[in-house]
Amino acid sequence: MATAQGLDLRGVAWPPPANGCARLAAANRKAARARAQGAAAGAVGAKAMSDSWVPNSASGQDPGRRRRSWAELLAGRVKREKYNPERAQKLKESAVRLLRSHQDLNALLLEVEGPLCKKLSLSKVIDCDSSEAYANHSSSFIGSALQDQASRLGIPVGILSAGVVASSVGQICTAPAETSHPVLLTVEQRKKLSSLLEFAQYLLAHSMFSRLSFCQELWKIQSSLLLEAVWHLHVQGIVSLQELLESHPDMHAVGSWLFRNLCCLCEQMEASCQHADVARAMLSDFVQMFVLRGFQKNSDLRRTVEPEKMPQVAVDVLQRMLIFALDALAAGVQEESSTHKIVRCWFGVFSGHTLGSVISTDPLKRFFSHTLTQILTHSPVLKASDAVQMQREWSFARTHPLLTALYRRLFVMLSAGELVGHLQEVLETQEVHWQRVLSFVSALVVCFPEAQQLLEDWVARLMAQAFESCQLDSMVTAFLVVRQAALEGPSAFLSYADWFKASFGSTRGYHGCSKKALVFLFTFLSDLVPFESPRYLQVHILHPPLVPSKYRSLLTDYISLAKTRLADLKVSIENMGLYEDLSSAGDITEPHSQALQDVEKAIMVFEHTGKIPVTVMEASIFRRPYYVSHFLPALLTPRVLPKVPDSRVAFIESLKRADKIPPSLYSTYCQACSAAEEKPEDAALGVRAEPSSAEEPLGQLRAALGELRASMTDPSQRDVISAQVAVISERLRAVLGHNEDDSSVEISKIQLSINTPRLEPREHMAVDLLLTSFCQNLMAASSVAPPERQGPWAALFVRTMCGRVLPAVLTRLCQLLRHQGPSLSAPHVLGLAALAVHLGESRSALPEVDVGPPAPDAGLPVPALFDSLLTCRTRDSLFFCLKFCTAAISYSLCKFSSQSRDTLCSCLSSGLIKKFQFLMFRLFSEARQPLSEEDVASLSWRPLHLPSADWQRAALSLWTHRTFRELLKEEDVHLTYQDWLHLELEIQPEADALSDTERQDFHQWAIHEHFLPESSASGGCDGDLQAACTILVNALMDFHQSSRSYDHSENSDLVFGGRTGNEDIISRLQEMVADLELQQDLSVPLGHTPSQGHFLFEIFRRRLQALTSGWSVAASLQRQRELLMYKRILLRLPSSVLCGSSFQAEQPITARCEQFFHLVNSEMRNFCSHGGALTQDITAHFFRGLLNACLRSRDPSLMVDFILAKCQTKCPLILTSALVWWPSLEPVLLCWWRRHCQSPLPRELQKLQEGRQFASDYWFSFSSSP
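Reading the values: the criteria
- Residues numbered from 1 in each chain as written.
- Predicted model: local features only at pLDDT ≥ 70, side-chain atom pairs only at ≥ 80, totals over all residues.
- Heavy atoms only, no water.
- Helix = DSSP H or I, 4+ residues; strand = E, 2+ residues; numbered from the N terminus.
- Buried < 20%, exposed > 50% of the residue type's maximum accessible area, 1.4 Å probe, protein only.
- Polar contact = N/O pair within 3.5 Å; in protein donor to acceptor, adjacent residues only side chain to side chain.
- Salt bridge = Lys/Arg side-chain N within 4 Å of Asp/Glu carboxyl O.
- Expected span 1.5 Å × (residues − 1).
- Core = buried A, V, L, I, M, F, W, Y, C linked by side-chain atoms within 4.5 Å.
- Contact = heavy atoms within 4.5 Å.
- Axes fitted to C-alpha atoms, helices over the stretch in contact; angles between N-to-C directions.
- Parallel < 35°, antiparallel > 145°, perpendicular 65-115°, else oblique.
- Left-handed = near helix turned anticlockwise from the far one by under 90°.
- Nonpolar A, V, L, I, M, F, W, Y, C, P; charged D, E, K, R; others polar.
- Phe/Tyr/Trp six-rings, centres within 6.5 Å; stacked < 30°, edge-to-face > 60°.
- Lys NZ or Arg CZ within 6 Å of the ring centre and 35° of its normal.
- pLDDT = per-residue confidence, 0-100.

What follows deals with the side chain of Ser 439. Looking at where Ser 439 falls in the secondary structure, it is placed in helix H23 (residues 434-447). Residue classification places Ser 439 among the buried positions, given a relative accessible area of 3%. Looking at Ser 439, its side chain comes within polar contact range of the side chain of Tyr 407, at 3.0 Å.

Set out below in C-alpha cells:
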C-alpha cells in the first residue's frame, strides 16, 4: 500500500524531489495497464489483497507469507473501491499542477521512453551551433513528441508546451551576460532565442501552445528573465507585452521590475553598446505601448480581459521613470554619471523619433499633459517665500539643460494656449514645485512668442480675482509669474518695472477701487519685503503705486520699510543707474561702473536723436546726487580732445548750454584736457615719449600706428611710410602670436558667420587698432591732398591686412557694418568705405569668403561681401547704406580717375552700385527725373571728410557725375526690374523711410513709368505687362525661398516670404493682374472663352520642373514651401485666374480650369491638402470663380451642373473638398446665387448639400450608438 499511498497527493511532500513527477507519471501509466487485467484476476486479487495486508510484510518478518504482485494488489483495490468522478478530477488537477511546477522534459523523455529519446532534447533543438542541427529535428517531429507525452501524462499539450518553452527561455536568459545587470541578450543568446521562438510559432500555429500558461510560467522565472527576451516574444507574436504584463498577479511588483529594467536599458543605450539599434527599438516599443494603453479612453480597452490592469501598470512605470529623473535633477546629478545617462535617455523618449509611430495624437496629448502635471507637482518642497527669494536662479539659461530639453519636447505636441491653460489648472488645484513651475514659465516665454500675450491675459485675470476677494494665492502667483517671465528679457516679456507701472501707476490700476484694495496691496508688498531682491524694491520705490492723498500714509509706510531693507542690504537707492535694468534681478552694479555704462548709452542716444536724452534731464532734477556724484565725473573724464569734435564732445557742450554741468566742474575738466595735450606737443618738438605699454605687443603696435599717422601730414616723411608699414606688420604678427612662417600659409576660403560674428579679445583689440588707425590716417591725408595724390599708403596698409589677420578684419567689418552701421560716425563711414575699395583693388590676391546664410552657398569675392553686409530694410539701414555707397563710389572715382572703367568695376561690386541706384530712386524724387547735359556735375571728395558732411548733397552730386553716368551704361551694374524687386521686398514697411502714400507712389513710378516701358536689354519689360507680372511673381517666389531658408529670424511666420515687406508688392501684382484680366476680356469676342491658359500656371510649372526631384525630406519641404506660396498668390488674385471669366457650352472646361485641375491632381493633393481634401481657402476661391463665370453664361444653373459633372472625372478632389468644407461654403454660395439668380440652387450643388447632410446624419448615428 505504500506505493498506492504515494498516488494520493495529499500525502506527498511539496515540492517532490527532482524528477519525482516523472517517476510518478510512470507509475500512473503502469497502474493504468494493470487495470486491463482486473477482470481476470478480480477474485484472486481481492483475496490476495486481504491476505497480504499484514504488519511488516514488506520487511520480510513473516517469510511464510507469499508476496503479492503489484498488479494483484492494484486489481484487488480497484474491485474494493467504488469509482468517484469528483475525486478523480481533483486527483487529475493536482497531478497537472505538480507536473507544471516541476517538469523537466529532457528527464521525462529519458525515463519514460528510454535512451532513444535523448535525441529529442530541446536544448539541442535551440542550439544553432550544435552538430545536431535544427534541420534534423523538424518542428513537426518535436510537436508530435510533445503531443504523445501530453497524451500519456493526461494533460493538455498547450500547457505542457508552454512550460517547456518557458523553461527554455529561462535557460537562455541565465547564460553568462556581458554586464552585471543585463537587459540585453548576447549574440549567442539571441541566436538561441530566435531558434526557440521559431519552434514556439509552430506550436502556436497548430494550437499546441497556451499563452496564459506560458505567461504564468515566465513570471516564475522573473528573476532571470531578460527584458530583451520579453520584447522578442512580443515582436515575434508569441505573447504580447500587454498579455504578459496583465498575467502577473502583483501589479506593483511588475511595475518595479519594468522600472529597474528600463533604467538599465537606458543606461546601456547611452553607453554606446554594440546593440544600440535593438535597445532603441525596445525602448520605443515599450514607451509606445505604455502611452497607448495607459492614456486611451476606457472605450478603447474593450478587448482586454481586465481593462484596469494594463493602464495601471503603464501609468505606474511611466510615472516611476519621470519621478526618478526629476529626483535625480533635484539632487544635482553628475555629468556623464550612470544616473545622468538614464535621465538623458529617458527624456529622449519624448521626441518624435520614439513616439513617431503613435498614430493618434489624443493619447500622446494626454500623456504629455500628465507628464507636465507630474513635473509641476512632484515633491512640492518649496514655499512661495522661497520662490520669491530664489527665482532669479531659475531662469531659462540657468535651468538644467536636460529639463529645458524636456520642456521643448513637450511644447511640440501642446500649443501655447494649452500649456498656459494647463499651468493655470495645476496651480489652482494642486500643490506645486515652484522651481519647476517658474522654470517652465521661462521656457514658455522663450520658446513661444505668443506666450507673452497669453501670460499677460492670465495674470490680468489673477490680479482681478485677487483684488476682488483679497485672494493672496492669486496675488502671489501673478507676481511670481510676471517676475519670472521678465527675467528672460524684453524680447520675451515686458520688464517687471513696466508691468508694475501699468498695473498700479494710474487710476485704472487694480488697487484703485477701494481702500480695502489699497490695504490689501500694501500689506502684500510689505510681507514680501524680507524676501525681496533689491531690484524689485527699487522698482517699487521709483515707480510707486498711485495712491489718493488721503491714503498717502500707506505708501509712505511701505517706502520707509523698503528703504530700511535696502539699507540693511547696503544698497543705496540714490546711487542707482540711469539705464539700469530693474527687471534683471541680477547683482547690484557698483555706482562707478554703472555710471560708465550710463554715459555710453546716453551718448549713443544723443548720436541717434541729436538731443539730450530725457533720462539724463530727469536725473539732473530728480536724482541729482547720483547725477552730480557719479554720472558727470564719468562723463567728464579728462582725455586728449580730438581735432574733429566727436559725439562725446558734442554731448558735453549740449549739457553745458542747458546749464546741466556746474561751471566749476566744467572748468576743471577743460584744464585737465589741456594738460593731457601737452605730451603730444612735446613729441612735436622732438621729445618723443615711449608709451607706457611699449614693452607689450599691443602697446608697441599702437605706438607704430601713431608714428604712421604723424607721417601722413608731413610731406618730408612720405618716403618712410613703407618702412613704417613694415614695422606695423611685424608688430601685428607679435600681437596675434603668428610665426614668420605663418605668412606663407595660403588661406583657400574664409569662413565667416554673418549673423553671429565673434572675435577673440586679443584679435578684437588688434583689429580695432588697425581700423581706427586707417580711418584716422584717411582723414589726416585727405585734409592735405585728394585721394588721387595721397600716394600708396592706403594700399600698403591694406596689404598688411591681407594675410592671416584678414579673417579677423572681415569679421570685425561684419560686426560694424551689418550690426552697428547706423551708429557709426562720418569718419568711420568714410574710412571703412575707402578700406572696402582698397580690399576690392586686391581682390585677385584675396580668398573667397563663405558667409553661410543668408548669402548664397557659393563663396563670395571680398567686394561682393560688402554688398551682403549692407542691408536695406529700415530707415536707419537705408540711410547708412546710402552713406557707405556714396563714400565708396566717390572715393573710387576720385582715387582711380585716370584709370580704366574696368579698374573701377573691379574695386566695387556690382551689387553695391545697384543698391546706390535703388536708394537714389527711392529716397530722392530728383533722381527719378531724366538728366540733361546741363545737370551733369563734377565730383569732389574733399567735402565728404568734413564733420558736417551733407550726405544728401554728396549723393546727388555723385548721381549726376559724368563718370558715374557713363559707368551706369555697363550692363552688369545697371539696376534691372528684377534687382529692384529683390531689394524692395527687403523693406520693412513699419520702419521705412517713406510713408505708406510715398511708398505707393514710388512703386507706381518704378513699375509703370520706369521699368515697364524700358527695354529688356536695359533690364525693363518692353512695355509688356504680362512680362512684368511674370518677373514679379518669380521674384516673390525666389524671395520666399531664400527668406525661409536663410532669414536671420528663426521665428518668421508663414506669410509671403516670412517678412512683412511683401504686402505692398503683392498689391501691385493684384493691380497688374486685374489690368491683364480686363485686357483679355476686351480681346476675346463676345460669347467665346479664351483659348489659352493663364500665364501664372506656366510659371508654376516651370518652377516645379526646376526643383530638385526625389523624396528626401529636404526636397519634399522645398516643394511643399513652393506650393504653399503658389496657393497664397492664387488666393490674393481674382478667382477668374482659376476658372476663367466665363464658360460656354461648346467648351465648358476652359484652359485655365485644365491647368488648375492639373496642379491639384499632380501637386496640391500631396502637399496642400487637409485630411485628404484641399484646404478651405483654395476650395472656396475656386467655387467663387466657378459661380462668377457661370453667371455670365446663358443658363447659369445648367452650366454649374455641367462643370461640376466634369469635375467628377477630371478633378474629383475638388468635389471631395467641397463636401468637407460645405458647412462654411454653403452660406456663401447660397447668398451669391440668390443675389444673382432667382432659380433654385443648381442640381449638382444640391447633391453636395444632400451628401454632406447624409454624411453628418450617418456620423451622428454611428457616434451615438453604444
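This part is about the pattern of salt bridges. What the rule picks out here adds up to 30 salt bridges. One salt bridge in this structure joins Arg 190 and Glu 228, with 2.6 Å as the shortest N-O distance. One end of the pair, Arg 190, is in helix H10 (residues 187-205); the other, Glu 228, is in helix H12 (residues 227-235), with 38 residues separating them in the sequence. Between Arg 999 and Asp 992 there is a salt bridge; the shortest N-O distance is 3.0 Å. The buried category is assigned to Arg 999, whose relative accessible area is 3%. The exposure class of Asp 992 is buried, given its relative accessible area of 10%. Among the charged side chains, a network of salt bridges with common partners joins Arg 922, Glu 984, Asp 992, Asp 996, Arg 999 and Asp 1064.

What follows concerns helix H45 (residues 910-923). Between its first and last C-alpha atoms H45 spans 20 Å; for 14 residues at 1.5 Å apiece the expected length is 20 Å, and the two agree. Most of H45 sits inside the fold, with 13 of its 14 residues counted as buried.

To continue, consider the nonpolar core. Among the nonpolar cores identified, the biggest contains 180 residues, and Phe 884 and Trp 980 are the most heavily contacted of them. Among residues more than four places away in sequence, those in contact with Phe 884 are Leu 817, Val 829, Leu 832, Ala 833, Ala 836, Phe 866, Leu 870 and Leu 912. Judged by nonpolar contacts, the second largest core, of 162 residues, contains Cys 173, Phe 209, Phe 259 and Met 475.

Relative to the elements of secondary structure, Ile 573 occurs in the loop between helix H29 (552-568) and helix H30 (591-609). By relative accessible area, which is 11% here, Ile 573 ends up buried. Along the backbone, Ile 573 and Leu 537 are 36 residues apart, and their C-alpha atoms lie at a distance of 9.3 Å. Ignoring sequence-local partners within four residues, the contact set of Ile 573 consists of Gln 538, Ile 541, Leu 542, Leu 566 and Arg 623.

Where helix H19 (residues 361-377) meets helix H22 (residues 416-429), the axes come as close as 11 Å, and the angle between the chain directions of the two elements is 45 degrees. As the angle between them shows, H19 and H22 are arranged oblique. H19 and H22 meet at a crossing whose hand is right-handed. Taken together, the residues of H22 that come into contact with H19 (itself represented by Lys 365, Ser 369, Leu 372, Thr 373, Leu 376 and Thr 377) are Glu 418, Leu 419, His 422, Leu 423 and Val 426. Per-class residue counts for the contact of H19 with H22 are five nonpolar, four polar and two charged.

Another aspect to go through is the packing of aromatic side chains. The final tally for this structure, using the stated rule, is 48 aromatic pairs. With a centroid separation of 5.4 Å and 90 degrees between ring planes, the pair formed by Phe 916 and Phe 964 is classed as edge-to-face. Pair noted here: Phe 916 is in helix H45 and Phe 964 is in helix H47 (residues 962-967), with a separation of 48 residues, a long-range link. By relative accessible area, Phe 964 is classed as buried at 0%. For the cation-ring pair, Lys 656 lies above Tyr 666, with the distance from its terminal atom to the ring centre recorded as 5.1 Å. One residue, Arg 928, lies across the ring of Trp 1005, its end atom 5.9 Å from the ring centre.

When pLDDT is averaged across the protein chain, the result is 77; 76% of the residues are at 70 or more. The model gives residues 105-121 a pLDDT under 50, and that stretch makes 25 contacts with residues more than four places away or in other chains. Of the regions scoring below 50 in pLDDT, residues 1085-1089 engages in 10 contacts with residues more than four places distant in sequence or in other chains.

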